[in-house]
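Observations on the model geometry
Take a look at the letters that make up each chain.
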Amino acid sequence: MDISIIIPAYNESESLTELCAWTERVMAENGYSYEIIIVDDGSSDGTWNTVRKLAEGNRAIRGIRFRRNYGKSAALYCGFEKAQGDVVFTMDADLQDSPEEIPAMRSMIVEEGYDLVSGWKQHRKDNKLTKNLPSKLYNATARRITGIRLHDMNCGLKAYRNDVVKSIEVYGEMHRYIPYLAKNAGFDKIGEKPVHHQKRKYGKSKFGMERFINGFLDLQSLWFLSTFGKKPMHFFGYSGLLMFLVGFVMTVWIIIAKLVHQAQGVKFRAVTDQPLFYLALLAVVLGVMLFLAGFIGEMISRSSGERNRYNIKSEI
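The text that follows walks through the structure, step by step, so that each part is easy to find.

Calculation notes
- Residues numbered from 1 in each chain as written.
- Predicted model: local features only at pLDDT ≥ 70, side-chain atom pairs only at ≥ 80, totals over all residues.
- Heavy atoms only, no water.
- Helix = DSSP H or I, 4+ residues; strand = E, 2+ residues; numbered from the N terminus.
- Buried < 20%, exposed > 50% of the residue type's maximum accessible area, 1.4 Å probe, protein only.
- Contact = heavy atoms within 4.5 Å.
- Areas by Shrake-Rupley, 256 points an atom, 1.4 Å probe, with all protein chains shown as cover.
- Arc of directions from axis to C-beta.
- Axes fitted to C-alpha atoms, helices over the stretch in contact; angles between N-to-C directions.
- Parallel < 35°, antiparallel > 145°, perpendicular 65-115°, else oblique.
- Left-handed = near helix turned anticlockwise from the far one by under 90°.
- Nonpolar A, V, L, I, M, F, W, Y, C, P; charged D, E, K, R; others polar.

Some details on the overall build of the chain
A count of helices and strands for the chain gives 10 helices and 7 strands. Residue burial in the chain is summarised as follows: out of 316 residues, 44% are buried. Partitioning the contacts of the chain with sequence separation of at least 6, the portion at a separation of at least 24 is 79%. Only carbon and sulfur atoms are counted for the fraction: they give 57% of the accessible area of the chain, which is about 17600 Å².

In structure tokens, the structure reads:
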């Protein structure tokens, strides 16, 4: 099969019929064999009834229905599990992504050898104050932390080589960082293509301003796990050792200063009367706690069933 198209849908019953017809037209014009997997993420507006009607008239359309709303990452995870196409596309259900971009993005995967191609909404049709400006800030931060030079990491329109989606685990709200997940899995040929972006035709956006705060926190978590997930002592141990040494040196310095003043007959303050002494003790205690946290993290890491899970590219 040439192409799998995964469409997460949450209360998008009005747009699905039009989107599927548009996608089918593009597939027919290019002679692709394909499947469309629509994941109903616990919709309450009749989305599933629309999916059932579409599937009845076309064997290329398949549906997955959640019992409740789990989020976009869960929808993509289940879609990735079912995808059979050589190239896998993800696309939002709100008609803002254009299926006309599929042939060119597929060509970048098949002919140019990219592992992942992300869409870039150069000319967004969203509100500039609530979406465009925060999106630019978010993407600048993501580029800085991940090292992936994408202008629009969170674009819903993406193309993947099949083995990419089979090698990554999307959970929580990590759908925003699939390129980073792919990079950490060893798929580092990541490209970008400017795509046409349209105004929402039906319904309203399901994401509010809180997504930018959540996205930043998720990015920090992902960076930490990818960097120290299998070697937590390298973070907690170094941090704890540094804090312990700072506290220890401060404590010794305070005591020596007190003894020198005492020997010289100079007026001095008792060690326990100095606020700096208690800050030094706090640093020592925190250093020990961080060091112990590193030990505990190492024990958990060594007990993990995925401690020796590696993505092998080829064998001879």
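That shown, we press on.
Topic: helix α2 (residues 47-56)
Those residues of α2 lying buried are Thr-47, Trp-48, Thr-50, Val-51 and Leu-54. The arc that holds the buried residues of α2, viewed along the axis, is 155°, so those residues lie on one side. Residues of α2 that are exposed and point over 90 degrees away from its buried face: Lys-53 and Glu-56. Lining the buried residues of α2 we find β1 (3-9), α1 (13-30), β2 (34-40) and β3 (61-65).

Some details on the packing of helix α9 (residues 233-263) against helix α10 (residues 275-303)
For the pair α9 and α10, interaxial distance at closest approach is 7 Å and the crossing angle is 160°. With respect to each other, α9 and α10 are oriented roughly antiparallel. Our pair here, α9 against α10, has a crossing hand that is left-handed. The residue inventory of the contact of α9 with α10, partitioned by class, reads 21 nonpolar, 7 polar and 1 charged.

Regarding unusual backbone geometry
We note that Asn-11 has phi near 55°; this positive angle belongs to a residue other than glycine. Locating Asn-11 in the fold gives a position in the loop between β1 and α1. A residue is classified by how much of its surface remains accessible, and Asn-11, at 22% relative accessible area, is partly exposed. One non-glycine residue, Leu-95, lies in positive phi territory at about 70°. Summarising the element assignment, Leu-95 is placed in the loop between β4 (87-90) and α4 (102-110).

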